[in-house]
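# Observations on the three-dimensional arrangement
The primary structure of each chain is shown beneath.
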Amino acid sequence: MNEHLRTLRLRRRLEEAGPVLWQLAAGGGGFALAAGGVFGGLHPFGLSLVLGVGQSWVQSAAAGAALGYLALLDPVHSLRWLAALASALAGRWLFRTTFWPAAVAGSGTLLLVQLMLSLAGLSTPAAAFATLGAAILAAGGGLALAKTAKARPRPSAPLAGQAFPLAMLALPALCDLPAGPLEPAVTVLAAAGLWLAYRGRVRDCAALCTAGAAMLTAADPELAFAGLGVAAGCLAAAFFTPGERMGSGTVFLGTAVVCSLAAPAPEQLLGFLASAVLAEAAFFALPRPWLAALPGQAEPVSESAARPRVASAVGQLEHVAQALTGIADTVDGVYKTLPKRGESYNWVMDHVAEELCRGCGQRERCWVEHYSDTVDGFLRLKPILEQQGRAALEQLPGQFCRCVHPVELCSAAGRAYTLYRSRRESRVRAQAMRSALTEQYTAMAQALGQMASQLGQTVAPDEGKTARLAALLASMGLEPLETQLGYDASGRLRGTVSVSRTAFSEEELAELGKEAAAICHRALAPLGVDHTGLVTTLTLTEKAVYDPVFGLAAHAAQEDACGDAVEQFCDAFGSAHLLLCDGMGVGRPAAIDGTLACTLAAKLLKAGFAAESAARLVNVALALKSDEESAATLDLVSVDLYTGRASLYKAGACPTFLVRGGKAEPVEAAGLPVGILSSVVGGQHTLTLREKEMVVLVSDGALVDGPGWICQQLELCAATGSTPAETARILADMAKVRVSRSTRPDDITVAVLALEKAV
């Protein structure tokens, strides 16, 4: 605790001293850049810093540069540069938002002084050309600093911002440091190039080494071979051994030794080799997390690029949901609009009249004069047709005594009724299929709408952690195809990483999870792995507040099969699910229905479907499973492991028992099993669970003596501290004893879910 307080005090003091430290850094930078000479004695970079540095630090930079010019140059040259600094300061003060007035003032003062010396005969043409070059270099360096002042450096773009031009302008000053045979500029440049080469950043490495070699050559032409050696060594390492620490060092040193043969003198050769070895030692001394702080070649997807893709995916899902809903509504509307033909017994009479009576001479008499008697005869014939499917001659009602073709009438009535019954059965099947189709489309539309809502939830990205996570994977040889890490509306950490299809062992996933947790500074749940095509997606989620503890016990009424099916699992969205489905009856038919309903519902829940949408799709599957009636109860409890908020969904299921504070209470909901009707009739409840509280699901076999004894036994188990597994076993065993006294055996299942603190 005391150490933590000391750290906070130190951080606070550094924040308070920050402005002063920045001013000192600007002054020191001005002094160092003024000391750096290029092209045989030109010192333009102190003026460049004054031209390009931020407005807040321009005075300190100018003071440092002035001290550098006075301390390092002869009086004549120092006065020339001091005049240029004063002019540049005046230009920065008068034109605060424009670069060129200060640049013209500073560089113009140099040229004006040189012109006066030339007119007085105190300078040579060579000096005039040198002054012109110094003015151009000063303005060019200042422009580079000014242009990059607004560029925010990012890990994915290490050469962005002012750091790169400042480092290049500082290399000549490092060349002038008294370090014996060593070359500090070569050491710094080689170490930075090796870092980029190790991460495989070929373009960045080429830009750094090319610019650095040019600055080394400008500072001291005899160091041209050193710039060549550093550039060749770093680029060779970047091309041939990216991600290999030992390989990068070996390739760099071997290439540097070959290029060192171009040294003009043995002393310079030894100095360059010593500087290269020192740079390599610094490279190997850097901790691996520091080396991995820079992403590899696979650039992370920026937020601006990812947002349109997410918005497009959300829009497409919503359009598909609307299209499915429209199809269901259209099919249902068309069915209700079309005329219904052959759907009543009157069609049988019309068919007989059309087939038999059209050419009969007695038609007018039967269907006009005695119409009511004829219709009454057909109505009396209906029960006979319904019972036998056809009518015998002696079974014809007396109203048909006038018919001159009684035998043909019996045959025509039988055929018409058979066709009528066939059409009626086809209509019923078609109506069932239509209802199932529209219900399936509507359920899918609802599920897709929910997924679109989840996908469209805003996630605040954490660019720093995203970059470090991508760098970690790249350092392990897993170049990420896409990396996203951020916080949802609840402040929970969420992330996904896509890599080329890779098989991970449990040990590798555990080690990767530890490294990712260290980067995120949060406890993480075990990594989720999903293989899709040629891509493997790793899912990172913050460790939940609670851990689920499941208990299960069951006794089958028949040895060959149990009609109850249970699924206990946690999904990728931070929820625990306990699902119990009870197929109607006992034996294999009930087992098939219960297992089908439970398996399908579990798959849908794992995919992100809500309970109601899953129940509707299970209802369709049971309705279309076979010609025989199929039904199963659906009892589901889903718990958010971050908040403890629980949702109960029941369709024809037994009461759910909630144990809290040592007391048990049943929770009931009206409903019907799935598979009976064309739509689901279920009920939903919400509640909040806390640590050590339990939710108990039972099948109807356990309720042989009602819910009262179950509440008493649950309270007794809570008082004795029984675990969920022990509680489930005790209830199931006691229910089996009670069922054995009954003449109607049934399957018994008890499933328990409790919460324990995880963090």
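Details of the structure are given in the entry above.
The sections below set out a description of the structure shown in this document. (Residues numbered from 1 in each chain as written. Predicted model: local features only at pLDDT ≥ 70, side-chain atom pairs only at ≥ 80, totals over all residues. Heavy atoms only, no water.)

### Some details on the overall build of the protein
Across its full length, the protein carries 24 helices and 15 strands. Within the protein, the fraction of its 759 residues that count as buried is 44%. Here the analysis covers contacts within the protein between residues at least 6 apart in sequence; of these, 70% occur between residues at least 24 apart. Carbon and sulfur atoms provide 60% of the accessible area of the protein, an area that totals close to 37,700 Å². (Helix = DSSP H or I, 4+ residues; strand = E, 2+ residues; numbered from the N terminus. Buried < 20%, exposed > 50% of the residue type's maximum accessible area, 1.4 Å probe, protein only. Contact = heavy atoms within 4.5 Å. Areas by Shrake-Rupley, 256 points an atom, 1.4 Å probe, with all protein chains shown as cover.)

### Focus: the pairing of strand β5 (residues 535-541)
The pairing of strand β3 (residues 493-500) with β5 spans 7 bridges and is classified as antiparallel. What sits directly across from Val499, in β5, is Thr536. The sheet contact formed by strand β4 (residues 528-532) and β5 spans 5 bridges and is antiparallel. Note on β5: the bridge partner recorded for Val529 is Leu538. (Pairing = 2+ DSSP bridges.)

### Overview of the pattern of salt bridges
Side chains that carry opposite charge are capable of pairing whenever their charged atoms lie near each other. A full pass over the atoms with the stated rule returns 5 salt bridges. Measuring nitrogen to oxygen at the nearest pair gives 2.8 Å for the salt bridge that ties Glu542 to Arg522. Of the two residues, Glu542 is situated in the loop between β5 and β6 (546-555) and Arg522 in the loop between α20 (506-520) and β4; the sequence distance between them amounts to 20 residues. We classify Glu542 as buried; its relative accessible area is 18%. Where Asp705 meets Arg738, a salt bridge forms, and the shortest distance between an N and an O atom there is 2.8 Å. With Asp705 in the loop between β14 (694-698) and α23 (708-720) and Arg738 in helix α24 (residues 724-740), the pair connects residues that are 33 residues apart, well separated along the chain. Note on Asp705: relative accessible area 42%, which makes it partly exposed. For Arg738, a relative accessible area of 22% gives the class partly exposed. (Salt bridge = Lys/Arg side-chain N within 4 Å of Asp/Glu carboxyl O.)

### Side note on the side chain of Ser275
Along the chain, Ser275 turns up in helix α12 (residues 266-285). Classification of Ser275 as buried rests on a relative accessible area of 0%. Engagement of the side chain of Ser275 in a polar contact is seen with the backbone oxygen of Gly271, the distance being 2.9 Å. Leaving out residues up to four positions away in the same chain, Ser275 has contacts with Leu182, Glu183, Val186 and Thr187. (Polar contact = N/O pair within 3.5 Å; in protein donor to acceptor, adjacent residues only side chain to side chain.)

### Considering the packing of helix α2 (residues 45-52) against helix α6 (residues 125-148)
Contact pair α2 / α6: the axes reach a minimum separation of 7 Å and the direction vectors enclose 35°. Read as a crossing pair, α2 and α6 show a hand that is right-handed. Across from Phe45, Leu47, Ser48, Leu49, Leu51 and Gly52 in α2, the residues of α6 making contact are Leu137, Ala138, Ala139, Gly141, Gly142, Leu145 and Ala146. Taken together, the residues of the contact of α2 with α6 break down into 9 nonpolar, 4 polar and no charged. (Axes fitted to C-alpha atoms, helices over the stretch in contact; angles between N-to-C directions. Left-handed = near helix turned anticlockwise from the far one by under 90°. Nonpolar A, V, L, I, M, F, W, Y, C, P; charged D, E, K, R; others polar.)

### Describing helix α10 (residues 224-240)
For α10, built from 17 residues, the straight-helix expectation of 24 Å at 1.5 Å per residue is met to within 8% by its first-to-last C-alpha distance of 24 Å. Against α8 (184-198), α9 (202-219), α11 (245-260) and α12 lie the buried residues of α10. (Expected span 1.5 Å × (residues − 1).)

### Focus on the sheet that holds strand β10 (residues 645-651)
Overall, antiparallel pairing links the 5 strands, which are arranged β7-β8-β9-β10-β13 in an open sheet. Of all the strands in the sheet, just β7 (564-570) and β13 (683-688) have a single pairing partner and so form its edges. The sheet shows a mean angle of 10° between the axes of neighbouring strands, direction not considered. Pairing of strand β9 (residues 632-640) with β10 involves 6 bridges; the strand directions are antiparallel. The residue bridging Val637 from the neighbouring strand is Leu648, located in β10. Packing against the sheet, helix α21 (residues 588-606) makes contact with β7, β8 (575-583) and β9, and its axis sits at approximately 160° to β8.

### Structural notes on the nonpolar core
Burial of nonpolar side chains together is a common tendency in soluble globular proteins. In terms of nonpolar packing, the biggest core is built from 64 residues, with Leu47 and Tyr69 touching the most fellow members. Leaving out residues up to four positions away in the same chain, Tyr69 has contacts with Ala34, His43, Pro44, Phe45, Gly46, Leu47, Ser78, Trp81 and Leu85. Membership of the second largest hydrophobic core comes to 25 residues, among which are Tyr345, Val375, Leu396 and Ala412. (Core = buried A, V, L, I, M, F, W, Y, C linked by side-chain atoms within 4.5 Å.)

### Regarding the packing of aromatic side chains
Using the criterion set out here, one finds 6 aromatic pairs in the structure. Taken together, a centroid distance of 5.3 Å and an interplanar angle of 15° make the contact between Tyr69 and Trp81 stacked. Note that Tyr69 is positioned in helix α3 (residues 58-72) and Trp81 in helix α4 (residues 75-94), a separation of 12 residues in sequence. The class of Tyr69 is buried, set by a relative accessible area of 0%. (Phe/Tyr/Trp six-rings, centres within 6.5 Å; stacked < 30°, edge-to-face > 60°.)

### Observations regarding the side chain of Ser699
As for its placement among the helices and strands, Ser699 is situated in the loop between β14 and α23. At 3.0 Å, the side chain of Ser699 forms a polar contact with the backbone nitrogen of Thr749. Among residues more than four places away in sequence, those in contact with Ser699 are Asp564, Leu580, Asp582, Cys654, Asp747, Ile748 and Thr749.

### Things to note about unusual backbone geometry
Of note, the phi angle at Lys692 is positive, near 75°, even though the residue is not glycine. Assignment of secondary structure puts Lys692 in the loop between β13 and β14.

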